[in-house]
2 protein chains.
Amino acid sequence: MAASPGAGAAVPDSPSRREQILGVAAQLFARHGFHGVSIADLGAAVGVSGPALYRHFPGKEALLAEMLIRISEHLLAGGQERAAASDDPREMLAALIDFQVDFALREPELIVVQDRDLANLPPEPRRRVRLLQRTYVEIWVDVLRRINPDLTAEAARIAAHGAFGLLNSTPHSRTRAGTAEVAALLHRMAWTALTNLTPAESRKA
Amino acid sequence: MAASPGAGAAVPDSPSRREQILGVAAQLFARHGFHGVSIADLGAAVGVSGPALYRHFPGKEALLAEMLIRISEHLLAGGQERAAASDDPREMLAALIDFQVDFALREPELIVVQDRDLANLPPEPRRRVRLLQRTYVEIWVDVLRRINPDLTAEAARIAAHGAFGLLNSTPHSRTRAGTAEVAALLHRMAWTALTNLTPAESRKA
DNA sequence: GCGATTGGTTAATGATCCCTAACACATGGG
DNA sequence: CCCATGTGTTAGGGATCATTAACCAATCGC
């Protein structure tokens with residue numbers, strides 16, 4: 001009955017179904033919130049019904065956990081990669097902004113779910129996600145402090161969170177404008193904000 | 001039995017209880033989400049138990065509705081006031097940023113609830129809140145376009161949402177730093193981002 | 001060809017939750 | 001003095017939901 005060929009085979013956990021469930025769940029969670037989507041809703045949205053999901057995930061919370069852990073792992077890996085690609089902290093910052101804005105434009109639902117439904121995670125995966133997020137933030141903090149050595153760690157952290165809020169605003173402005181222009185605008189805003197954190201000096205390049 | 005004097009009187013709807021409920025509900029909703037807080041939890045948090053809340057609100061959704069409508073009305077009123085206080089669009093923008101950052105620092109729970117639980121509102125109050133929010137955004141859009149006439153309305157809207165994301169990042173950076181320094185930093189970031197939206201010119205004052 | 005595994009079904013269970021009902025009690029105006 | 005009103009209580013109903021149970025079809029390794 002499955003639409004995709006080979007989906008019903010006896011291969012250990014058909015990967016496409018899992019991905020499909022995770023993708024549809026992200027969209028539904030983003031729209032209605034974790035508690036606003038029932039297992040039955042989720043099953044119906046992928047074309048199966050209700051308890052079939054337990055063949056792929058041990059429970060609803062485990063599904064959310066995998067989703068959020070994937071997101072933060074993806075962001076951390078991308079951040080580390082961008083940060084290692086250059087020695088110039090300004091180039092690193094530009095690459096980090098590019099990476100974040102691309103993600104925010106490509107996957108706005110994941111942005112929404114990640115910070116809205118983190119609280120609905122069981123303690124253990126929540127700690128995991130928090131650690132990954134903190135590590136990702138530290139990449140930004142280090143770059144910002146290399147660009148501006150006068151910056152305290154705490155100020156850099158606040159600035160980084162502010163930049164995330166700015167770049168992750170994509171879900172709030174449903175636009176049909178070309179994503180390239182939106183990306184350029186958000187990149188520019190983040191860049192000017194983050195490279196002028198202190199009143200006057202610390203600019204020469 | 002009530003702790004506050006005069007709280008049990010036959011005065012039409014003791015106002016303190018309502019305010020207390022709304023305040024506690026904001027904190028609980030911010031931490032656990034609308035669906036993550038039961039009527040019993042909410043009652044226990046204010047010292048009464050369960051169904052007593054129905055003496056003050058017709059239902060759980062109505063409580064959320066009043067909360068969100070209050071927030072967006074407060075923001076809109078404040079924005080209109082700031083925008084009317086000057087003729088210079090740059091002064092207006094500075095006043096708007098001040099207002100928003102003050103609110104975001106003073107009431108981070110309301111910031112969280114407003115954009116997280118809007119989807120849990122019944123259709124009618126949701127439309128109301130959306131309209132109020134849109135009107136508030138338009139204030140910012142007008143100011144931004146007066147500062148930079150080259151800006152399209154859509155670009156200005158994206159920039160405004162980005163600025164909100166930046167300024168409303170306060171719940172994400174739990175800081176014990178002085179709020180004055182945080183406010184100054186966020187203000188500066190928003191200001192530099194919003195006054196450099198286009199590549200080169202359009203600056204002279 | 002066959003049997004174990006994978007992925008699906010419907011029915012049932014136990015918990016939780018919003019809300020209503022029925023009742024209690026203090027207070028303040030007439 | 002008394003009754004109407006505001007505010008609280010506990011008990012229960014009806015709905016929803018996550019999860020488990022029991023069962024079934026198809027497929028791949030052998």
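Note that this is a predicted model, so its numbers are computed, not measured.

Considerations on the interface of chain A and chain B
Counting residues at the interface gives 35 residues for chain A, matched by 35 residues for chain B. Buried surface at the junction of chain A and chain B, summed over both partners, amounts to about 2,800 Å²; 64% is from carbon and sulfur atoms. Together, A:I158, A:R188 and A:M189 form the three largest contributors to the area buried by chain A at its contact with chain B, with a combined 21%. At the boundary of chain A and chain B, one finds two salt bridges. Linking B:E154 and A:R176 is a salt bridge whose minimum nitrogen-to-oxygen distance equals 3.1 Å. Where chain A touches chain B, the interface holds 12 residue pairs in polar contact (both at pLDDT 80 or more). Those elements that place two or more of their residues in the side of chain A that touches chain B are α1 (15-32), α5 (108-116), α7 (153-167) and α8 (179-194) of chain A. With nine residues, α7(A) is the largest single contributor of residues to the side of chain A that touches chain B. Classifying every residue of the side of chain A that touches chain B by side-chain character gives 15 nonpolar, 14 polar and six charged.

Examining the environment of A:D142
Residues and elements named next belong to chain A. Structurally, D142 can be placed in helix α6 (residues 123-147). Using a relative accessible area of 45% as the deciding quantity, one classes D142 as partly exposed. Residues D142 and L93, spaced 49 residues apart in sequence, show a C-alpha to C-alpha distance of 10.0 Å.

Digging into the UniProt feature "domain: HTH tetR-type" (unreviewed entry) in chain A
Under the present numbering, the feature "domain: HTH tetR-type" (unreviewed entry) in UniProt falls on residues 15-75 of chain A. Across residues 15-75 of chain A one finds 69% helix and 0% strand; the C-alpha atoms that close the span lie 22 Å apart.

Digging into the nonpolar core
Core analysis: the largest hydrophobic core is formed by 134 residues, its most contacted members being A:F29, A:W140, B:F29 and B:W140. Sequence-distant contacts of A:W140, that is, excluding residues within four places in its chain, are made with A:L93, A:L96, A:I97, A:Q100, A:A160, A:A163, A:F164, A:L167 and A:L194.

A few points about empty space enclosed by the protein
Scanning the model with the defined rule gives four cavities of 30 Å³ or more in all. What the largest cavity holds in volume is close to 130 Å³. Taken together, 17 residues form the lining of the largest cavity, with A:G33, A:D117, A:N120, B:G33 and B:D117 sitting closest to its centre. Along the wall of the second largest cavity there are 11 residues; nearest its centre are B:I147, B:N148, B:L194, B:T195 and B:L197.

Rules and cut-offs
Residues numbered from 1 in each chain as written. Chains lettered and ligands numbered in written order. Predicted model: local features only at pLDDT ≥ 70, side-chain atom pairs only at ≥ 80, totals over all residues. Heavy atoms only, no water. Contact = heavy atoms within 4.5 Å. Buried area = accessible area lost by both parts, 1.4 Å probe. Salt bridge = Lys/Arg side-chain N within 4 Å of Asp/Glu carboxyl O. Polar contact = N/O pair within 3.5 Å; in protein donor to acceptor, adjacent residues only side chain to side chain. Helix = DSSP H or I, 4+ residues; strand = E, 2+ residues; numbered from the N terminus. Nonpolar A, V, L, I, M, F, W, Y, C, P; charged D, E, K, R; others polar. Buried < 20%, exposed > 50% of the residue type's maximum accessible area, 1.4 Å probe, protein only. UniProt positions renumbered as here; feature names shortened; annotations may be inferred. Core = buried A, V, L, I, M, F, W, Y, C linked by side-chain atoms within 4.5 Å. 1 Å grid on protein atoms, 1.4 Å probe; cavity = no way out; pocket = protein on both sides within 12 Å on 5 of 7 lines; lining within 4 Å. Points joined across faces, edges and corners; volume = space filled by probe spheres on them.

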